[in-house]
Amino acid sequence: MIANLVQLAAGEEQNPLIPPGPELLVGTIAFAIVFFFLAKKLLPNINKVLEERREAIEGGMEKAESAQIEAQSVLEQYKAQLAEARHEAARLRQEATEQGTAIIQEMKAEGQRQREEIIAAGHAQIEADRKAAAQALRQDVGTLATDLAGKLVGESLEDHARQSRTIDRFLAELEEKAEAAR
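Scope of this entry: the structure provided in the associated data block.

The rules behind these values
Residues numbered from 1 in each chain as written. Predicted model: local features only at pLDDT ≥ 70, side-chain atom pairs only at ≥ 80, totals over all residues. Heavy atoms only, no water. Helix = DSSP H or I, 4+ residues; strand = E, 2+ residues; numbered from the N terminus. Buried < 20%, exposed > 50% of the residue type's maximum accessible area, 1.4 Å probe, protein only. Salt bridge = Lys/Arg side-chain N within 4 Å of Asp/Glu carboxyl O. Patch = residues over 30% accessible without salt bridge, like charges linked within 9 Å, V, L, I, M, F, W, Y side chains within 5 Å. Areas by Shrake-Rupley, 256 points an atom, 1.4 Å probe, with all protein chains shown as cover. Phe/Tyr/Trp six-rings, centres within 6.5 Å; stacked < 30°, edge-to-face > 60°.

**Examining the overall build of the protein**
Part 1 of the argument: Of the regular secondary structure elements, the protein holds 3 helices and 0 strands.
Part 2 of the argument: Starting at the N terminus, the α and β elements of the protein follow one another as α-α-α.
Part 3 of the argument: With 182 residues in all, the protein has 3% of them scored as buried.

Rendered as structure tokens:
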């Protein structure tokens, strides 16, 4: 091939695309030296750096996968804790509602008891007032009846024991008539 090129070059004028023979030979030898140097020295270093990068990337991916798995487990734990906290909050709300209901029932019962006490005290007061009024009425009616009877008879009926018996009998008859009318 080189010989053909040389003949072509000798027969014709020099083609600018085809270099002269000695220059071609020197270029080929220089190319071989550079290729040999690159293949023996530079290429192993490049392969070593590329291998380190590949290992770093794979290690990073493994770390990322393990971090993602760990993050997923932390997320699951968080969700479980959140569900547990929600359950606890619901339980506490239920307990508070139950306690509130119990307190309301206790207050109602206490209010009912106090109401009953007030009513009983009122009835006792009314009964005491009624007895006092009945006693005062007996005395007043007795005095009026005695005065009226004394005026009718024309004599004074000041005998106290007789007066009391007459008044008691009269009032007892009135009470019997009132009860019979009910």
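**Here's the deal with the pattern of salt bridges**
Two side chains of opposite charge can pair, provided their charged atoms sit close to one another.
Part 1 of the argument: With the rule as written, the count across this model stands at 8 salt bridges.
Part 2 of the argument: Salt-bridge contacts for Glu51 lead to Arg54; the nearest nitrogen and oxygen are separated by 2.0 Å. One end of the pair is Glu51 and the other is Arg54, both in helix 2 (residues 21-153) and 3 residues apart, which spans about a single turn.
Part 3 of the argument: Judged by relative accessible area, Glu51 falls into the partly exposed class, the value being 32%.

**Here we look at a nonpolar patch on the surface**
Part 1 of the argument: On the surface, Val34, Phe37, Leu38, Leu42, Leu43, Ile46 and Leu50 cluster together to form a nonpolar patch covering roughly 610 Å² of accessible area.
Part 2 of the argument: Mapped onto the secondary structure, Leu43 falls in helix 2.
Part 3 of the argument: Accessibility expressed as a relative area gives 42% for Leu43, which makes it partly exposed.

**Section: the packing of aromatic side chains**
Part 1 of the argument: For the coordinates displayed, the defined rule picks out 1 aromatic pair.
Part 2 of the argument: Relative to Phe35, the ring of Phe31 has its centre 6.2 Å away and its plane inclined at 25 degrees; by these criteria the two rings are stacked. Taken together, the positions of Phe31 and Phe35, both in helix 2 and 4 residues apart, correspond to about one turn of that helix.
Part 3 of the argument: Phe31 gets classed as exposed once you look at its relative accessible area, which sits at 59%.

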